[in-house]
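Structural characterization, general
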Amino acid sequence: MRPITLEVTDRVKEGDGIATLRFDRSFDVSPGEFGMFWVHGVDEIPMSFAYDDGVTVRGVGEATDAMLSLSEGDTFGVRGPFGTPFDVPDDDVVIVGGGTGMAPVALLTEAASANGADVTTLIGAGTADELVFEERLSRVADVRVATEDGTAGYEGLVTGLLDDVTDEKGAPSNVGSCGPEPMMSAVLDRFDDRPGDVQLCLERYMKCGVGICGSCCIDDTGSPVCSDGPVYRGDELTNGEFGVYHRDGAARKKYF
Amino acid sequence: MSVEVSGIGFDDPVLLASGILGSTGASLNRALRSGAGGVVTKSIGPRERTGHPGPNVFVDDSEEYALNAVGLSNPSDAFTDEVEKVEGPTVVSVFGGTADEFADVAGTFAPYADAFELNVSCPHAEGYGVDIGADAELTRDVTAAVDEAVDAPVWVKMTPDVTDVTEIGVAAQEGGADAVVATNTLSAMAIDVESGRPILGNAHGGMSGSALKPVAVRCVYDLYDALDIPIVGVGGVSSAEDALEYMLAGARAVEVGTAVWDGVEVLGEIADGIETYKKDNDLSHDELVGRAHELTPKEDGDGGEG
Ligand SMILES: Cc1cc2nc3c(=O)[nH]c(=O)nc-3n(C[C@H](O)[C@H](O)[C@H](O)COP(=O)(O)OP(=O)(O)OC[C@H]3O[C@@H](n4cnc5c(N)ncnc54)[C@H](O)[C@@H]3O)c2cc1C
Ligand SMILES: Cc1cc2nc3c(=O)[nH]c(=O)nc-3n(C[C@H](O)[C@H](O)[C@H](O)COP(=O)(O)O)c2cc1C
Ligand code: FES
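Residue positions within a chain follow its written sequence, with the count starting from 1. Labels follow written order: the first chain is A, the first ligand is 1, and so on. Note on the predicted model: pLDDT of at least 70 is required for a residue's local features to be given, and 80 or more for side-chain atom pairs to be given and counted; whole-chain, interface and lining totals, by contrast, use all residues. The side-chain values count all of the structure's non-hydrogen atoms but skip hydrogen atoms and water molecules.

Some points on the UniProt feature "binding site: substrate" (unreviewed entry) in chain B
Residue and element names in this part refer to chain B. UniProt positions are given in the numbering used here, feature names are shortened, and annotations may be inferred rather than shown by experiment. Taken from the UniProt record, the annotation "binding site: substrate" (unreviewed entry) applies to K42, N68, A69, V70, G71, L72, N119, N184 and T185. Strands are runs of DSSP state E lasting at least 2 residues, helices are runs of H or I lasting at least 4, and numbering of each runs from the N terminus. Topologically, A69 is positioned in the loop between strand 6 (66-68) and helix 2 (80-83). A69 sits in the buried class, given a relative accessible area of 0%. Contacts are residue-level and defined by heavy atoms, with any inter-residue pair within 4.5 Å sufficient. Apart from the residues lying within four places of it in its own chain, the contact partners of A69 are H52, N56, H124, L200, N202, H204 and G205. Looking at the element boundaries, L72 is found in the loop between strand 6 and helix 2. Three labels apply to residues, based on accessible area from a 1.4 Å probe with only protein chains included: buried if under 20% of the type maximum, exposed if over 50%, partly exposed otherwise in between.

Below, the structure is given as structure tokens:
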């Protein structure tokens, strides 16, 4: 598809250097699906849908900073939605999120809850100011937060909070996770006896978004994350690069 | 089903095209597992490049074509770690700005390449690609330099953006090419009407997909008449029928690019379809290749369309 033009209808500051942009068109999106967002004159970058009509942007460079500088009435383009989404559980699920992974986590939390599942969502951040969607998700799930500096909730890594929750509630039937890869890798480690029950949503360098260019392929399956993923089950990610490295725009390896 | 091109044997005549799911050893192996008889790597150059700003690639709503301006992104020498993992016939695509750069890059990859494909035809990276491949003399020099530097067969990839593709094909053959590949993408542009901007970050790009096929088939047909070396057809192959069209025009093998968009399994499906056609029509591969020329009425053979 060619890009579609969207107009910003609302901009909400979520935290330090993080904002949600809502736009004038809603898409039929499933949790984990993403768009290729075209910031006119700058670049086109992948971004998960955080709402059926919105994205939550964390400024880390030129294109994301340019997106953050957009305000009501400004326009940008999008191709999508693309990708293979989460399977939405209907029994019980623990969802672990952090960083730019909170968009899929929010949609998955809402979809699982709508499906009648018992949902526990754990949100991790460095500090309280970086926590997003706590209030939004508390309406439909048991939400717990962890901050590394202890400014809110559990003090420490969100995986420590996951251990506490597992002790308290017993092992979940399903696990979903999206966020920094070392975090997701640590989540998967805790369920290494049944990796097929764990769904993980990956980020890789994307140029086409539709399974042609090869910039997003992961080792050692060679699977293109933009079309086979971004959501994988843990048993599809063993013996590969998951949690270890990714590749940049020139296909050079970068270790986490 | 095995087919030989320039002395290299392939399990089947359907190869993965350059720049398509071909930046890592694992993705190239995935194409081989899906039924490709061989793979062509992403074009590798003398220096690492991140490529152009996005949008880099889109498939048109009609699904008849894609436009891309990836910008020859590549990790240069670091790609040796990837190509050494490939478990099948491997054609390493190389590019450079000068004959020496082509020869240097090819030399680096000589231990891993069953053949080389020279990208003198990318339409969207200044100083590279078509800036060489639209010029017969430069094409001859670059081909000769690589031919001198490596033992493996050298394939030269043609641009369709020239008045007479056979002039460039002949120059490649004179330079020592062992095969030509026709074609790379056609120089193109698309503009987003709502924003008024060219869609590709680089504005200019290359068109691939079904819409390219009649242009590239014509190139293959004309090259078959003009050359003694084998031809590999590429451009808009998404089915066995498409591949057979190229073979009837004179291609010994085809490469598949944009069509993997529908799933990489298409590679094996095309190979199977070609085999079925040969059996049903009781044709050997040699009989199939170029057969349209025997069936072309002489008075229609002047290349005119009137
Ligand atoms: C499926 C997916 C979903 C994503 N969802 C979100 C989201 O909801 N919110 C959010 O803020 N960010 C999200 N990202 C990350 C976002 O795409 C990058 O932060 C963005 O591309 C950075 O571009 P930049 O120009 O601002 O930074 P740059 O300075 O260009 O790059 C900073 C870092 O971002 C990464 N990056 C750059 N370009 C790309 C690219 N084309 N594809 C992937 N990574 C790239 C690289 O690791 C790079 O080191 C997602 C990425 C993927 C793959
Ligand atoms: C995203 C993309 C990247 C490409 N990169 C290269 C490249 O690096 N080197 C090259 O010789 N051709 C490259 N090509 C051209 C293809 O190899 C092929 O010649 C062209 O796409 C026509 O075939 P198709 O219609 O089957 O895609 C690229 C094409 C696309 C779509
Ligand atoms: S981004 Fe091009 S194949 Fe995934």
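Digging into the site of ligand 1
Residues and elements named next belong to chain A. Taken together, 20 residues lie around ligand 1, and P46, T56, R58, A63 and T64 are the ones closest in. Here A63 contributes a backbone N or O atom positioned 2.8 Å from an oxygen atom of ligand 1. As used in this structure description, the phrase polar contact means that two N or O atoms lie within 3.5 Å; if the pair is within protein, one of them must be able to donate a hydrogen and the other to accept it, and residues adjacent in sequence are counted only when both atoms belong to side chains. The backbone of M206 places a nitrogen or oxygen atom 2.9 Å from a nitrogen atom of ligand 1. Out of a free accessible area of 870 Å², ligand 1 has 79% covered by protein chains. Per-element tally for the shell around ligand 1: the top contributor is strand 4 (residues 43-48), with four residues. In this count, Pro and Cys sit with the nonpolar residues alongside Ala, Val, Leu, Ile, Met, Phe, Trp and Tyr, while Asp, Glu, Lys and Arg are called charged and the others, Gly among them, polar. In the shell around ligand 1, the residues fall into ten nonpolar, six polar and four charged. An automatic or database domain assignment supplies the start and end points of every domain. Counting contributing residues, the shell around ligand 1 receives three or more from each of domain 1 (4-82) and domain 2 (92-255). Here a residue counts as near a molecule or strand whenever at least one of its heavy atoms sits within 4 Å of it. Shrake-Rupley sampling with a 1.4 Å probe provides the accessible areas, and residues are treated as covered by the protein chains on show and by no other component.

Regarding the UniProt feature "binding site: [2Fe-2S] cluster" (unreviewed entry) in chain A
Residues and elements named next belong to chain A. Under the present numbering, the feature "binding site: [2Fe-2S] cluster" (unreviewed entry) in UniProt falls on C208, C213, C216 and C226. With the annotated positions falling across 19 residues, the maximum pairwise C-alpha distance of 10.2 Å places them together in a single cluster. Take C216: it is sitting in the loop between strand 12 (198-201) and strand 13 (217-218). For C216, a relative accessible area of 3% translates into the label buried. Residue contacts for C216: discarding those within four places in its chain leaves R204, Y205, M206, S223, P224, V225 and C226. Tracing the backbone through its elements, the reader meets C226 in the loop between strand 14 (223-224) and strand 15 (231-233). Judged by relative accessible area, which is 1%, C226 ranks as buried.

Here we look at the pattern of salt bridges
Note on definitions: salt bridges are taken to be side-chain nitrogens of Lys or Arg within 4 Å of carboxyl oxygens of Asp or Glu. One pass over the full model with this rule turns up 27 salt bridges over all chains. One salt bridge connects R204 of chain A with E181 of chain A, and the closest N-O pair in it is separated by 2.8 Å. Of this pair, R204 of chain A sits in the loop between strand 12 and strand 13 while E181 of chain A sits in helix 5 (residues 181-189); the two residues are 23 residues apart in sequence, bridging distant segments of the chain. Residue classification places E181 of chain A among the buried positions, given a relative accessible area of 5%. Between R252 of chain B and D286 of chain B there is a salt bridge whose closest N-O contact spans 2.9 Å. Highlighted residues: R252 of chain B in the loop between helix 8 (240-249) and strand 14 (253-256) and D286 of chain B in helix 10 (residues 285-288), separated in sequence by 34 residues. Overall, D286 of chain B belongs to the exposed group, its relative accessible area being 55%. Each member of the salt-bridge network shares a partner with another, and the members are E181, R204, D219, E241 and R247 of chain A together with E82 and K85 of chain B.

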